[in-house]
Amino acid sequence: PKQNIEAGVRYMRWLLDRFGGDVKLALAAYNAGEGAVKKHGNKIPPYAETRSYVKRITSHYDKIKM
């Protein structure tokens, strides 16, 4: 579990850097893959599951960020 969490955090940091700090795009890429985000013009892909994931995670994030 520790290695899995560390790898996930490193990947998310990389995605944030790749997408200029845009949390929503990084989350979309985490869920659907970087290629999907790139394919759709660096926008959240029109996949229901990905859009739901981004909405759900950003909602939690907004509640806990300071």
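Just above sits the structure.
So, how was this worked out
- Residues numbered from 1 in each chain as written.
- Predicted model: local features only at pLDDT ≥ 70, side-chain atom pairs only at ≥ 80, totals over all residues.
- Heavy atoms only, no water.
- Core = buried A, V, L, I, M, F, W, Y, C linked by side-chain atoms within 4.5 Å.
- Buried < 20%, exposed > 50% of the residue type's maximum accessible area, 1.4 Å probe, protein only.
- Helix = DSSP H or I, 4+ residues; strand = E, 2+ residues; numbered from the N terminus.
- Contact = heavy atoms within 4.5 Å.
- Axes fitted to C-alpha atoms, helices over the stretch in contact; angles between N-to-C directions.
- Parallel < 35°, antiparallel > 145°, perpendicular 65-115°, else oblique.
- Left-handed = near helix turned anticlockwise from the far one by under 90°.
- Nonpolar A, V, L, I, M, F, W, Y, C, P; charged D, E, K, R; others polar.
- Phe/Tyr/Trp six-rings, centres within 6.5 Å; stacked < 30°, edge-to-face > 60°.
- Lys NZ or Arg CZ within 6 Å of the ring centre and 35° of its normal.

1. Let's talk about the nonpolar core
Part 1 of the argument: Counting 12 residues, the largest nonpolar core is built from Met12, Leu15, Leu16, Phe19, Leu25, Ala26, Leu27, Ala28, Ala29, Val37, Tyr53 and Val54.
Part 2 of the argument: Among the secondary structure elements, those contributing two or more residues to this core are α1 (2-18), α2 (23-32) and α4 (48-64).
Part 3 of the argument: The element contributing the most residues to this core is α2, with 5 residues.
Part 4 of the argument: Filtering out sequence-adjacent residues up to four positions away, Ala26 remains in contact with Met12, Leu15, Leu16 and Phe19.

2. Concerning the environment of Ile57
Part 1 of the argument: You can see Ile57 is positioned in helix α4.
Part 2 of the argument: Looking at Ile57, the relative accessible area reads 27%, which means it is partly exposed.
Part 3 of the argument: Placed 34 residues apart in sequence, Ile57 and Val23 show a C-alpha to C-alpha distance of 9.8 Å.

3. Quick notes on the packing of α2 against α4
The description of two helices packed together rests on the angle between their axes and the distance between the axes.
Part 1 of the argument: Where α2 contacts α4, the axes come no closer than 9 Å and their chain directions differ by 130°. Classified by the interaxial angle, the pair formed by α2 and α4 is oblique. Note that α2 runs across α4; the crossing there is right-handed. Contacts from Lys24, Leu27, Ala28, Tyr30, Asn31 and Ala32 of α2 reach α4 at Glu49, Thr50, Tyr53, Val54, Ile57 and Thr58.
Part 2 of the argument: Across the contact of α2 with α4, the residue classes tally to 7 nonpolar, 3 polar and 2 charged.

4. Details of the packing of aromatic side chains
Here the distance between the centres and the angle between the planes together describe a pair of aromatic rings.
Part 1 of the argument: By the definition in use, this model includes 2 aromatic pairs.
Part 2 of the argument: Centre to centre, the rings of Tyr11 and Trp14 are 6.3 Å apart; their planes meet at 10°, and the pair counts as stacked. Note that Tyr11 and Trp14 are positioned in helix α1 at a spacing of 3 residues, about one turn of the helix.
Part 3 of the argument: Overall, the relative accessible area of 29% leaves Tyr11 in the partly exposed class.
Part 4 of the argument: Residue classification places Trp14 among the partly exposed positions, given a relative accessible area of 42%.
Part 5 of the argument: With centroids separated by 5.8 Å and ring planes inclined at 35°, the aromatic side chains of Tyr11 and Tyr30 adopt a geometry described as tilted. In this pair, Tyr11 is assigned in helix α1 and Tyr30 in helix α2, connecting sequence segments 19 residues apart.
Part 6 of the argument: Among the residues examined, Tyr30 registers a relative accessible area of 38% and is labelled partly exposed.
Part 7 of the argument: A cation over an aromatic ring shows up here: Arg18 above the ring of Phe19, its NZ or CZ 4.7 Å from the ring centre.

Read these as geometric descriptors, not functional statements.
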